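Here's the letter readout for the chains.
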Amino acid sequence: MPADDAPRKPYVLKFPKPTIELFEAALPTLKEESRQCIENLLNYRAQHTRVKFPLSLSAAVLVPLFIGRAGDLYVLLSRRSASLRQYAGDTALPGGKVEHQDLTDEDTARREAFEEIGLVPDRERVPLLCVMEPFLAGNQMVVTPVVVLILDKTMQPNLNESEVTSIFSHPLASFLASSSPFPPYRVQDPSMPYHTTTDWEWSKGSTIRMHRFLTGREADGVKPVFGFTARILIYVAIWGYGRAPDFEFQPPNAPTPAQQIAHALLTPANPLRLACECEGNDADMMAASVLHTLGGLNTEPPTIEWDKVSHDWRHPREGGISQHVDATKRKTQKVANEHQDTTHKEKQERHWEAGEGVESGERKVAGGRSGLNERKEGDAKL
């Protein structure tokens, strides 16, 4: 059978023509699992509620992927400058706080990546794959990961040395493995395991697991990928490759990202709740909305019983926090009951940011900060 007539996957990507041509150029070397990973990430849809998180404690990070020479996917990581006041020298993803001019989380992530490593915010050469659900960093900052694919290999980095010392790549699939992907000569201490974990007590008997992965560059002073950055990359890899890690990601009693955000919003002295008060937001309603929307978000990755993760987590029953959750849930349910005859489109308009609508069952951005995945016209097949 001629190559042009060979059966291909029916999945269609919506991109402009220049992006299609870059995709097609990458196909001959692209491994099947890499192609499936890209497709799965394109299929990912994060839901966003109408409630905006406090601007002062909102941030976004870019997860820049690219296709290696052997057809594997790699993530671009940076080594933070030793002169920075916070997280000096850490291995990190490019990103930072939302600024007033940013209309979406994608805008924030792309702007920060351009400022830090010179990655041009070109949506044709660096198309968006997905915007993932938000995570809580430092028990107060709401951070949204934005996953992109660098298709143009002629692009050159331009490091802001005041923020970034160097950049390097790491195989995305190795965030699902406990064994080292590096040859022996790359490992500074053979007795040091590639992947390690530390469990931290969170609240009322629940536990959060922190992960740590060697980079193979420790001899050069590069720190391992750990903590918040490692958690995001494990999550991206799980959704992309559609399989569980060969280690336990989180213990059974761990809170979900949505539960962590809601807990911060409902804790009286937490900076996130205080920021809501300063910016005139209702933290209780925000927490209820987060639990309702993100709690059931993308809960069934292929081959993974994701609903069992954090299955045994319980809301705190002391200090009035559970009362806040119950009260706000009742308030939300009351509103839903009063408007049960409303059409689907009208419901969406109450729960999504101003400027968004529903068209043919898919959300499209018309304005406002949303972080939703946008697709331009054009067809390409992976």
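The structure contained in this document is the topic of the report that follows. (Residues numbered from 1 in each chain as written. Predicted model: local features only at pLDDT ≥ 70, side-chain atom pairs only at ≥ 80, totals over all residues. Heavy atoms only, no water.)

**Let's talk about the overall build of the protein**
- If you tally the helices and strands in the protein, you get 9 helices and 15 strands.
- Taking all 382 residues of the protein together, 49% fall into the buried category.
- For the protein, restricting intrachain contacts to residue pairs at least 6 apart in sequence, the fraction spanning at least 24 positions comes to 69%.
- For the protein, the computed accessible surface area is about 18800 Å², with 51% contributed by carbon and sulfur atoms. (Helix = DSSP H or I, 4+ residues; strand = E, 2+ residues; numbered from the N terminus. Buried < 20%, exposed > 50% of the residue type's maximum accessible area, 1.4 Å probe, protein only. Contact = heavy atoms within 4.5 Å. Areas by Shrake-Rupley, 256 points an atom, 1.4 Å probe, with all protein chains shown as cover.)

**Structural notes on the pairing of strand E11 (residues 207-213)**
- Burial analysis of E11 places 5 of its 7 residues in the buried class, which makes it a mostly covered element.
- Pairing of strand E10 (residues 195-201) with E11 involves 7 bridges; the strand directions are antiparallel. Directly across from Thr197, in E11, lies its bridge partner His211.
- Following E10, the chain reverses through 5 residues before pairing antiparallel with E11; Lys204 in that reversal takes a positive phi of roughly 55 degrees.
- Relative to strand E12 (residues 225-226), E11 runs antiparallel, the two sharing 2 bridges. Considered in E12, the bridge of Arg212 is made with Phe226. (Pairing = 2+ DSSP bridges.)

**Some points on helix H6 (residues 271-278)**
- Of the positions making up H6, those classed as buried are Leu272, Arg273, Ala275 and Cys276. Along the long axis of H6, the arc covered by the buried residues comes to 160 degrees, so they all point the same way.
- Between the side-chain oxygen of the N-cap and the backbone nitrogen of Leu272 there are 2.8 Å, and the N-cap of H6 in question is Asn270.
- Positive phi appears at Gly280, one or two residues downstream of H6, with a value of about 75 degrees. (Arc of directions from axis to C-beta. Polar contact = N/O pair within 3.5 Å; in protein donor to acceptor, adjacent residues only side chain to side chain.)

**What about the sheet that holds E10?**
- Read from one edge of the open sheet, 3 strands run E10-E11-E12, paired in antiparallel fashion. Edge positions in the sheet fall to E10 and E12, since each has one partner strand and no second.

**So, the nonpolar core**
- Ranked by internal contacts, the top residues of the largest apolar core, which has 71 residues, are Leu41, Leu65, Val147, Leu149, Phe175 and Leu265.
- Considering every element that reaches this core, the biggest residue donor is helix H4 (residues 227-241), with 10 residues.
- Among residues more than four places away in sequence, those in contact with Leu41 are Leu65, Leu129, Cys130, Val147, Val236, Trp239 and Gly240.
- One finds Leu76, Ala109, Ile117 and Val148 within the second-largest nonpolar core, a separate group that totals 15 residues. (Core = buried A, V, L, I, M, F, W, Y, C linked by side-chain atoms within 4.5 Å.)

**Describing the pattern of salt bridges**
- A complete count under the given rule lists 18 salt bridges for this structure.
- Between Asp122 and Arg125 there is a salt bridge; the shortest N-O distance is 3.0 Å.
- You can call Arg125 partly exposed: its relative accessible area is 27%.
- A single salt-bridge network, built from bridges that share partners, covers Glu99, Asp102, Arg111, Glu112 and Glu115. (Salt bridge = Lys/Arg side-chain N within 4 Å of Asp/Glu carboxyl O.)

**Quick look at the layout of surface pockets**
- A volume near 1400 Å³ is recorded for the largest pocket.
- If you trace the largest pocket, you find 40 residues lining it, with Arg80, Gln86, Tyr87, Ala137 and Phe228 closest to the centre.
- Here the lining of the largest pocket takes 5 residues from H4, the largest share from any one element. (1 Å grid on protein atoms, 1.4 Å probe; cavity = no way out; pocket = protein on both sides within 12 Å on 5 of 7 lines; lining within 4 Å. Points joined across faces, edges and corners; volume = space filled by probe spheres on them.)

**Overview of the packing of aromatic side chains**
- What the rule picks out here adds up to 9 aromatic pairs.
- Pairing Phe175 with Phe213 gives two aromatic rings, centres 5.1 Å apart and planes at 80 degrees, and the pair type is edge-to-face. Within this pair, whereas Phe175 is found in the loop between strand E9 (164-171) and E10, its partner Phe213 is found in strand E11, the two being separated by 38 residues in sequence. Take Phe175 and Phe213: they sit in the same class, and that class is buried.
- Ring centres of Phe213 and Phe247 lie 6.1 Å apart, and the angle between their planes is 55 degrees; on these two criteria the pair is classed as tilted. With a gap of 34 residues between them, Phe213 in strand E11 and Phe247 in the loop between H4 and helix H5 (257-266) connect regions that are remote in the sequence.
- Exposure remark for Phe213: the relative accessible area of 0% places this residue in the buried category.
- Linked through ring pairs, Tyr44, Phe135, Phe228, Tyr235 and Trp239 together constitute an aromatic cluster. (Phe/Tyr/Trp six-rings, centres within 6.5 Å; stacked < 30°, edge-to-face > 60°.)

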